[in-house]
Structures are given as C-alpha cells and as structure tokens.
Amino acid sequence: MDDIPTGLEQEPPLGAHLTTSRCGYSHHGVYVGHGRVVHYSGSSGFWQCGPVEEVPLSGFAYGHDVRIMDHPWSPYSPEEIVRRARSRLGENDYRLLTNNCEHFCNWCFSGVSRSAQVERRLWPVLRLISYVTGTAESAIRETPIESKVYSLIPTGANIS
C-alpha cells in the first residue's frame, strides 16, 4: 500500500475499525486489506443514500486524517470481521438513526448494531422527554462501553 492517509503511520491491521472526520460527525469503515475499506457510503449526495461499498483507503479518507478505533475485545477474528463486512456489500438500507456507518462497523466487530454518536446526540432529547413524562430517574441508565454511552432501556424493564 503506497498511499497512506494522514493520521496513520503505516497500513492498518486487517479488520481495523477506521474513523475519519466529516463536517459534524465521524465516518466509520472496516479495513479489509490491500488498501481497501468497506463502509456504508450513507449520504453520498443531496438527499441520496448510498450502499455498503468497498473503496480505496484514500476514497474513504476523503482528504481527512484517518484513525484506528480501539476495540479491546471482539468475539470475531480479523478475518471474520472482514467477512462480516463484505457480507453486506451492496446493502442499501442506510438510516441515519438506526443503520449508519457506525452501526455497521460495530455490528462487524461485536454483532451489536450501535452508534455512540447517535446515542450521545439523542441523550438531551431523551432526558427532556423523561423529565416531562416524570420518568427522569429511570428512563435512561448508563452502560459501560468503549466510551460513555447511554442505554435507552428503562431501569428494571423486562426485555425478553
């Protein structure tokens, strides 16, 4: 790999969770080797959403720094993470709040589709709703994940 974007000193390891800054959010993808990244292209144009696609690392970076997001533990090997990412190539079901590029990457790594960015931005709204409805203490509880993230499950809720 000759063209390593800024922010990386060397080629990322196979199956690495990559992030790069965009205007107001971080974009996520999975490094699949040979200078290629699988990502949910999401908003690829004005009000158009693109599919899960495999692109060159430079296309993913789009001129921005690229960082590797640390996953301290994954039930999947790097090869399985790559297989999971590629299994969704062509999927065209992008939804900003429930199926975005970060949901996609976290699913590849853990089997759980989750977006800390979405959860952080929804926190103030959910807190206001819980205050207005009188459920402020139990509406949202913290759950430990890589960074501070909030669960939308009420304390004591039966989720079976």
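Going by the structure above, here's the rest.
Here goes a summary of the coordinates provided. (Residues numbered from 1 in each chain as written. Predicted model: local features only at pLDDT ≥ 70, side-chain atom pairs only at ≥ 80, totals over all residues. Heavy atoms only, no water.)

## What about the packing of aromatic side chains?
Rules: Stacked, tilted and edge-to-face are the three classes assigned to paired rings of Phe, Tyr and Trp, where Trp is represented by its six-membered ring and a pair needs centres within 6.5 Å; plane angles under 30 degrees give stacked, over 60 edge-to-face, the rest tilted. Helix numbering and strand numbering both begin at the N terminus, where a helix is a DSSP run of H or I of at least 4 residues and a strand a DSSP run of E of at least 2. In this scheme, a residue with accessible area under 20% of its type's maximum is buried, one over 50% is exposed, and one in between is partly exposed, where area comes from a 1.4 Å probe on protein chains only. Sitting over a ring, as applied to charges here, requires NZ of Lys or CZ of Arg to be within 6 Å of the ring centre and within 35 degrees of the ring normal.
Throughout the structure, instances matching the rule amount to two aromatic pairs. Between the aromatic rings of Y40 and Y94, the centroid separation amounts to 5.5 Å while the plane-to-plane angle is 65°, which identifies the pairing as edge-to-face. Residue Y40 is located in strand β3 (residues 36-45), and its partner Y94 is located in the loop between α2 (78-87) and α3 (101-110); the two are separated by 54 residues in the primary sequence. For the pair shown, Y40 and Y94 are each scored as buried. Ring geometry for Y40 and F104: centres 6.3 Å apart, planes at 85°, overall edge-to-face. Taken together, the positions of Y40 in strand β3 and F104 in helix α3 put the pair 64 residues apart, joining distant regions of the chain. Taken together, Y40, Y94 and F104 form an aromatic cluster joined through their ring pairs. It is R84 that lies over the ring of Y76; its NZ or CZ is 4.2 Å from the centre. Positioned above the aromatic ring of W107, the side-chain terminus of R84 is 3.9 Å from the ring centre.

## Considering the pattern of salt bridges
What counts, and what does not: Basic side-chain nitrogens of Lys or Arg form a salt bridge, by our definition, when they fall within 4 Å of a carboxyl oxygen of Asp or Glu.
Taken as a whole, this structure holds five salt bridges when the rule is applied. One salt bridge connects E54 with R36, and the closest N-O pair in it is separated by 3.5 Å. Here E54 is found in strand β4 (residues 48-56), whereas its partner R36 is found in strand β3, with 18 residues between them in sequence. In this structure R36 comes out as partly exposed when scored by relative accessible area, which is 28%.

## Quick notes on α2
For clarity, the threshold we go by: Comment: arc refers to directions from the helix axis out to C-beta atoms.
Listed in full, the buried residues belonging to α2 are I81, V82, R84 and A85. Down the axis of α2, the sector holding all buried residues measures 160°, keeping them to one side.

## Some words on the nonpolar core
To keep things clear, this is the line we draw: As used here, the term nonpolar core means buried Ala, Val, Leu, Ile, Met, Phe, Trp, Tyr and Cys residues forming a set that is joined through side-chain atoms within 4.5 Å. In this analysis, two residues are considered to be in contact whenever any of their non-hydrogen atoms come within 4.5 Å of each other.
Counting residues in each nonpolar core, the largest one holds 14 residues, and the members touching the most others are V30, V38, Y40, A85, F104 and C108. Looking at this core, the elements with two or more residues in it are β2 (25-33), β3, α2 and α3. Sequence-distant contacts of F104, defined by excluding residues within four places in its chain, comprise V30, V38, H39, Y40, V52, A85 and R88.

## Observations concerning the pairing of β2
The criterion, for reference: Any two strands with at least two DSSP bridges between them are considered paired.
Along β2, seven of the nine residues are buried, which leaves the element largely enclosed by surrounding structure. Inspection of the sheet shows strand β1 (residues 17-22) paired to β2 by six bridges, in the antiparallel sense. In the strand pairing of β2, R22 is matched with Y25.

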